[in-house]
Amino acid sequence: MKGTAPWRRLAEAEAAVNRSVAASSVGKYFKLEARKSSFTKELRAGAATFLTMAYIISVNAAILTDSGGPCTVLDCTPVGNSTAVPGPECTLGTSNPGYEQCLARTKSDLIVATAVAAMVGSFAMGTLANLPLALAPGMGANAYFTYNMVGFHGSGSIPYRTALAGVMMEGIIFFLLSAVGLRSRLARMIPRNIRLASAVGIGLFLAFTGLQANQGLGMVGASPSTLVTLTACSQTDPVTGACLGGTLHSPTFWLGVAGFLITATCLARDVKGAMIYGIVFVTAVSWIRGTSVTVFPDTAAGNAGFSYFKKVVDFHMIKTTAGQLSFGGFRHGSVWVAMLTLLYVDVLDTTSTMYSMAEYGGFTDGAGGFEGEYRAFLVDAGSTVLSAGLGSTTVTTYIESTAGIREGGRTGVTAVTVSAFFLASLFFSPLLMSVPPWAVGPSLVLVGAMMMRVAKEIEWGDMKEAIPAFVTMALMPLTFSIANGIIAGLAVYVALHWYDWAGLACGKVGKALDDRRRNQVAAATPEVGPAPAPAQDVV
């Protein structure tokens, strides 16, 4: 009994803090009591959300650096004794020292740009919209920007500066659509079953991501015959990711499984902060050098990563990517096509993701909207404008926010906490960049599992509703695109309902014609007046 005293005192102290904050102006502003939450619960939710999305700091920077950023052939150093400026091959062929140094500066800038965009966007979402949704530059849009717009090391049709201007213009248009309420109307036009299926599909998308090697356990990989197969191999092809031998022999996979079981057990027993413990455990083990699961192997890259990790605290100022905008290239049609593509992804993908998060958290009302919706849309779109100004890409509401919602996050305090962590990441990036993907993957899989609960609300007995919902949720992970799933689901929905709509429209037209015909007949028929009074004798 004596051993329980410290825990009891700690619980009493926590309860006192929660009561104090709830009674304060801050607690009333964020509606902690009204939404049946507490201050410490919101802090834990923010920590859980941040830990599941912290990977974006390094991943987004790595993807965008592949575009070459502002680096050009002018940054290349002459080869040998030559004094001439190298040709375009210096950016694509053998590594050029000058160009590599420029890429390193660009990546450092983009790490800061990613963290700042996420910090400002999440803070605005928490304080203005009072929602537990975290924002950051989105996966998918960054890949489209790098590999389709700018091209690898600038080999595409759109220069980096022009592409950034396109991202900013898209953000401005998106902001205006949100401001006039058109974005909300477009989102409300999506049938409820498609919205519910989107939440399930996003969960499957998350789980599939968490099972892959790049950002997860490495359990699923490429196959030349079946496209995907069971991997977790001791050796894989560095180009295709195909298994070269030793299926399920990967030590990092089994360490990730241990983290999965830790988190799953905590969730099953309703332990507070369940989403955090597995990540922290796996990350701490992975930081130990000289093991088969270390994130710092005895290689040039591993040694460089460990040297950076030992700094613990490091701060970097953006030097090359901020303000790199050029609107002169908008005379080319390819820029407008790319900008409209980003806009369509934002309207369908980002908006539906936000609705799915609101649905999962129980924030939606009977009309399909949710509290703080208008301000949330403005924050989401405005953050993209800021991100483009810093050198990064489209900012979106992160589906990893479900991790915090699962921990009980119900107010903007969760988002503000995420913002504080991103602020800290500006100083502790050596630690946060060293979180391995096999530590994050288990949480993504478990979040995906928890998002399955809304599937029971889909009208599976009505095939006109069930089939579009199934197509939506199936195609999101199978095409690795949330937008593709939504588009396909809507197309099938229209195909199955057009006959009913046509019949309804014909019925309304027929009724209108009948009413008009009756009115015309009534107008053509002369009115019959009252009978004349009988004549009276005149005396």
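What counts and what doesn't
- Residues numbered from 1 in each chain as written.
- Predicted model: local features only at pLDDT ≥ 70, side-chain atom pairs only at ≥ 80, totals over all residues.
- Heavy atoms only, no water.
- pLDDT = per-residue confidence, 0-100.
- Helix = DSSP H or I, 4+ residues; strand = E, 2+ residues; numbered from the N terminus.
- Polar contact = N/O pair within 3.5 Å; in protein donor to acceptor, adjacent residues only side chain to side chain.
- Phe/Tyr/Trp six-rings, centres within 6.5 Å; stacked < 30°, edge-to-face > 60°.
- Buried < 20%, exposed > 50% of the residue type's maximum accessible area, 1.4 Å probe, protein only.
- Lys NZ or Arg CZ within 6 Å of the ring centre and 35° of its normal.
- Pairing = 2+ DSSP bridges.
- Axes fitted to C-alpha atoms, helices over the stretch in contact; angles between N-to-C directions.
- Parallel < 35°, antiparallel > 145°, perpendicular 65-115°, else oblique.
- Left-handed = near helix turned anticlockwise from the far one by under 90°.
- Contact = heavy atoms within 4.5 Å.
- Nonpolar A, V, L, I, M, F, W, Y, C, P; charged D, E, K, R; others polar.
- Core = buried A, V, L, I, M, F, W, Y, C linked by side-chain atoms within 4.5 Å.
- Expected span 1.5 Å × (residues − 1).

## Topic: the confidence of the model for the protein chain
Move 1: Residues of the protein chain with pLDDT of at least 70 account for 89%, and the chain-wide mean is 83.
Move 2: For the protein chain, per-element mean pLDDT is lowest for helix H9 (residues 182-188), which scores 72, and highest for helix H17 (residues 412-425), which scores 94.

## Here's the deal with the environment of Thr294
Move 1: Topologically, Thr294 is positioned in the loop between helix H12 (274-286) and helix H13 (300-309).
Move 2: Between the C-alpha atom of Thr294 and that of Thr252, which follows or precedes it by 42 residues, the distance is 8.2 Å.
Move 3: In terms of polar contacts, Thr294 uses its side chain to reach the backbone carbonyl oxygen of Ile288, at 3.1 Å.

## What about the packing of aromatic side chains?
Move 1: Per the stated rule, a full pass over the model turns up 15 aromatic pairs.
Move 2: Note on Phe50 and Phe422: the rings are 5.0 Å apart at their centroids and 85° apart in plane angle, and the pair reads as edge-to-face. Pair noted here: Phe50 is in helix H3 (residues 39-53) and Phe422 is in helix H17, with a separation of 372 residues, a long-range link.
Move 3: Relative accessible area serves as the criterion here: at 0%, Phe422 is assigned to the buried category.
Move 4: Aromatic rings pair up to connect Trp287, Phe296, Phe306 and Phe309 into one cluster.
Move 5: A cation sits over an aromatic face here: Arg289 above Phe306, 4.6 Å from the ring centre.

## Describing the environment of Val17
Move 1: Relative to the elements of secondary structure, Val17 occurs in helix H1 (residues 4-23).
Move 2: Owing to a relative accessible area of 38%, Val17 belongs among the partly exposed residues under this scheme.
Move 3: Remark: the alpha-carbon pair of Val17 and Phe39, spanning 22 residues in sequence, is separated by 7.7 Å.

## Considering the pairing of strand S3 (residues 227-230)
Move 1: As judged from the four bridges shared by strand S2 (residues 220-223) and S3, these two strands associate in the antiparallel manner. Each residue of the ladder has a partner; that of Ala222, found in S3, is Val228.

## Considering the packing of H12 against helix H19 (residues 437-450)
Move 1: Put simply, H12 and H19 touch, their axes get as near as 8 Å, and they point 160° apart. Overall, the two elements H12 and H19 adopt an arrangement that is roughly antiparallel. The two elements H12 and H19 cross, and the hand of that crossing is right-handed. Across from Met275, Ile279, Val282, Thr283 and Ser286 in H12, the residues of H19 making contact are Trp438, Ala439, Ser443, Val447 and Met450.
Move 2: Here the residues of the contact of H12 with H19 are counted per class, giving seven nonpolar, three polar and no charged.

## Describing the nonpolar core
Move 1: Membership of the largest hydrophobic core comes to 98 residues, with the highest contact counts inside it found for Met125, Leu131, Phe145, Met149, Phe370, Phe422 and Met451.
Move 2: Looking at this core element by element, the count peaks at 12 residues for helix H6 (residues 97-129).
Move 3: Sequence-distant contacts of Met451, defined by excluding residues within four places in its chain, comprise Ala199, Val200, Ile202, Gly203, Leu206, Met357, Tyr360 and Thr402.
Move 4: Judged by nonpolar contacts, the second largest core, of six residues, contains Cys90, Tyr99, Cys102 and Leu103.

## Section: the side chain of Asp380
Move 1: Residue position: Asp380 is located in helix H15 (residues 373-390).
Move 2: Side-chain polar atoms of Asp380 contact the side chain of Thr397, separated by 3.3 Å.
Move 3: Dropping the residues within four chain positions of it, Asp380 is found in contact with Leu135, Phe174, Arg183, Thr350, Met354, Val395, Thr396 and Thr397.

## So, the packing of H6 against H15
Move 1: Contact pair H6 / H15: the axes reach a minimum separation of 9 Å and the direction vectors enclose 160°. Accordingly, the angle class assigned to the pair H6 and H15 is roughly antiparallel. The way H6 lies across H15 gives a crossing that is right-handed. Seen from H6, the contacting residues are Ala113, Val116, Ala117, Val120, Gly121, Ala124, Met125, Leu128 and Ala129; seen from H15, they are Arg375, Ala376, Val379, Ser383, Leu386, Ser387 and Leu390.
Move 2: Per-class residue counts for the contact of H6 with H15 are 12 nonpolar, three polar and one charged.

## Re H15
Move 1: In a regular helix each residue adds 1.5 Å, so 18 residues correspond to 26 Å; H15 covers 26 Å between its end C-alpha atoms and thus fits that length.
Move 2: Here H15 lies mainly inside the structure; 13 of its 18 residues are buried.
Move 3: Following H15 by one or two positions, Gly391 adopts a phi angle in the positive range, close to 110°.

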